[in-house]
Amino acid sequence: MDFDFTKEEKELIAEVRAFIDKEATPELLAETRQLGLIYGGPEGRKFIKKFASHGWLTPNWPKEYGGLGTSEMVTYLIREEMAYSGLPCIFVGAHMAGPAILRIGSPEMKKEFLTPLAKGEIEFALGYTEPQAGSDLVAMKVRADDQGDHFLVNGQKTFNTHCHVADYHWLAARTDPEAPKHKGISMMIVDLKSPGITIRPLITMAGWRTNEVYYDNVKVPKKNLVGEINKGFYYMMSALDFERMAPPGVYRNLFDEIVHYAKSTQAGGKPLSQNPLIRQKLAQMAIELDVARLLYYQLAYILDKGSIPNYQSSMEKLFVTELSQHITETGMEVLGLYGLLKEGSEWTPLAGKVEHFHRWSVVETIYAGTSEIQRSIIAQRGLGLPRQ
Ligand SMILES: Cc1cc2nc3c(=O)[nH]c(=O)nc-3n(C[C@H](O)[C@H](O)[C@H](O)COP(=O)(O)OP(=O)(O)OC[C@H]3O[C@@H](n4cnc5c(N)ncnc54)[C@H](O)[C@@H]3O)c2cc1C
């Protein structure tokens with residue numbers, strides 16, 4: 001078995017790397033971190049249009065929709081490079097809604113949304129969670145009532161990240177209140193500028209923003225229904241499998257910086273790199289990071305073989321997000337009391353990244369499904385254990 005990438009893949013990544021080195025300005029990196037690795041700010045939008053003009057945002061999409069028709073592996077390699085460099089790497093349109101539109105969207109819907117998504121001209125935000133429907137998504141209550149040529153949408157969503165900077169909402173709403181709960185939900189695309197939508201901030205402990213979104217008699221044209229009516233729950237589950245495919249690069253980069261710090265810093269007259277506890281912990285993290293990368297690339301491999309990973313996405317999401325907590329905890333231990341200093345302080349090591357990502361890593365194991373939910377999926381779908 002050959003674990004290496006092909007010559008073409010390596011050449012493409014070198015090209016992407018060179019582009020990133022040139023274009024990743026401090027302003028872009030600061031804005032991206034402040035927004036939570038998304039691209040909706042002015043710097044991010046400027047960058048992504050340039051980046052996407054090479055076909056690098058959606059390389060695996062067909063050429064007719066702005067892709068390059070490459071393997072999934074290429075997409076995964078590029079996303080990992082972006083994540084490692086601290087650039088926007090979470091794209092609801094390119095990586096979650098887009099693949100669903102490709103599979104189940106009408107020809108008109110594909111024409112309207114796919115090319116602008118591939119060019120980085122528009123972006124989506126996920127609209128699943130409601131105050132009483134998080135892990136248990138079938139409990140959602142937002143209603144979309146059929147009014148002939150349009151739906152009339154009413155209700156409240158919560159924790160809908162990106163909405164304040166995105167263009168469209170990838171909305172799950174109840175279209176048949178009488179049907180069994182998972183059979184009465186539909187997916188639709190909503191223009192976030194539609195009259196009747198109010199977006200309010202919810203600030204995470206990492207400082208970036210997610211939102212509450214209120215729908216008050218919002219008209220959504222019927223043509224924006226995704227796939228078949230009342231099949232939305234199944235589409236949502238599939239889009240969630242894609243959402244859970246998180247590139248580990250952000251934390252691989254942080255880890256490399258922590259190792260560099262341990263090598264170059266003295267404490268009590270000795271380099272930190274000679275501290276046996278620190279050495280043990282860093283070695284352990286190095287192993288886990290390699291496992292995370294293999295789990296991540298395995299997802300691309302499965303997609304390239306023509307299947308959609310499901311419990312494997314849960315395994316990867318669970319492993320990477322729990323690893324993010326191990327790495328930032330290790331980072332806090334390596335930095336000692338300096339680890340408490342925030343970005344901007346004169347004495348903050350690594351530009352405050354460890355402190356920042358230490359707070360950030362807490363939410364990693366919640367969004368896109370909590371660790372408990374991922375373990376349940378692995379137990380049921382992966383191991384065939386009975387449902388609880
Ligand atoms: C920062 C952030 C960003 C987010 N972004 C988005 C977004 O863009 N769009 C969107 O739609 N949603 C988003 N979410 C919502 C996220 O997906 C939910 O928060 C998550 O699915 C958990 O749902 P909940 O918060 O309602 O918790 P609950 O479902 O109420 O769970 C509470 C606790 O109970 C546990 N639990 C629940 N059910 C079970 C079970 N069956 N077995 C074992 N344990 C269980 C959970 O693991 C958790 O620990 C975001 C959340 C956060 C924190």
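Residues numbered from 1 in each chain as written. Predicted model: local features only at pLDDT ≥ 70, side-chain atom pairs only at ≥ 80, totals over all residues. Heavy atoms only, no water.

Enquirer: What is the right way to read the site of the ligand from this model?
Expert: Around the ligand sit 17 residues in total, of which Thr129, Ser135, Phe159, Thr370 and Glu372 are the nearest. A distance of 2.7 Å is found between a nitrogen atom of the ligand and a side-chain nitrogen or oxygen belonging to Thr161. When the ligand is considered free in solution it has 960 Å² of accessible area, and contact with the protein chains removes 65% of it. Residues that form the shell around the ligand fall into these classes: nine nonpolar, seven polar and one charged. (Near = heavy atom within 4 Å. Polar contact = N/O pair within 3.5 Å; in protein donor to acceptor, adjacent residues only side chain to side chain. Areas by Shrake-Rupley, 256 points an atom, 1.4 Å probe, with all protein chains shown as cover. Nonpolar A, V, L, I, M, F, W, Y, C, P; charged D, E, K, R; others polar.)

Enquirer: So what exactly am I meant to see when it comes to the packing of aromatic side chains here?
Expert: Two aromatic rings are characterised by how far apart their centres lie and by the angle between their planes. For the structure shown, the criterion picks out 18 aromatic pairs. Plain terms: the ring middles of Tyr76 and Tyr296 are 5.0 Å apart, the flat faces sit at 45 degrees to each other, and that makes the pair tilted. Separated by 220 residues along the polypeptide, Tyr76 in helix α4 (residues 72-84) and Tyr296 in helix α9 (residues 276-304) bring together distant segments of the chain. Connected via pairs of aromatic rings, a cluster forms that spans Trp208, Tyr251, Phe357, Trp360 and Tyr367. Here the basic side chain of Lys222 rests over the ring of Phe151, its NZ or CZ set 5.5 Å away from the ring centre. Note that Lys317 overlies the ring of Tyr367, its terminal NZ or CZ placed 5.9 Å from the centroid. (Phe/Tyr/Trp six-rings, centres within 6.5 Å; stacked < 30°, edge-to-face > 60°. Helix = DSSP H or I, 4+ residues; strand = E, 2+ residues; numbered from the N terminus. Lys NZ or Arg CZ within 6 Å of the ring centre and 35° of its normal.)

Enquirer: In this structure, what is going on with the nonpolar core? I would like to understand it.
Expert: What tends to happen in soluble globular proteins is that the nonpolar side chains get buried as a cluster. If you look at the biggest cluster of nonpolar residues, it comprises 59 residues, and the most contacted ones within it are Phe51, Ile78, Met82 and Ile327. Sort the elements by how many residues they give to this core and α9 lands first, with 10 residues. Sequence-distant contacts of Ile78, that is, excluding residues within four places in its chain, are made with Leu12, Ile13, Val16, Phe51, Trp56 and Pro59. If you look at the next biggest cluster of nonpolar residues, it comprises 33 residues, including Tyr65, Met96, Ala100 and Ile101. (Core = buried A, V, L, I, M, F, W, Y, C linked by side-chain atoms within 4.5 Å. Buried < 20%, exposed > 50% of the residue type's maximum accessible area, 1.4 Å probe, protein only. Contact = heavy atoms within 4.5 Å.)

Enquirer: Please explain empty space enclosed by the protein as it appears in this structure.
Expert: For the coordinates displayed, the defined rule picks out one cavity of 30 Å³ or more. Estimated volume of the largest cavity: approximately 30 Å³. Lining the largest cavity are Tyr39, Leu57, Phe91, Gly93, Ala94, Leu117, Gly120, Ile122 and Glu123. Within the lining of the largest cavity, the residues separate by chemical class into six nonpolar, two polar and one charged. (1 Å grid on protein atoms, 1.4 Å probe; cavity = no way out; pocket = protein on both sides within 12 Å on 5 of 7 lines; lining within 4 Å. Points joined across faces, edges and corners; volume = space filled by probe spheres on them.)

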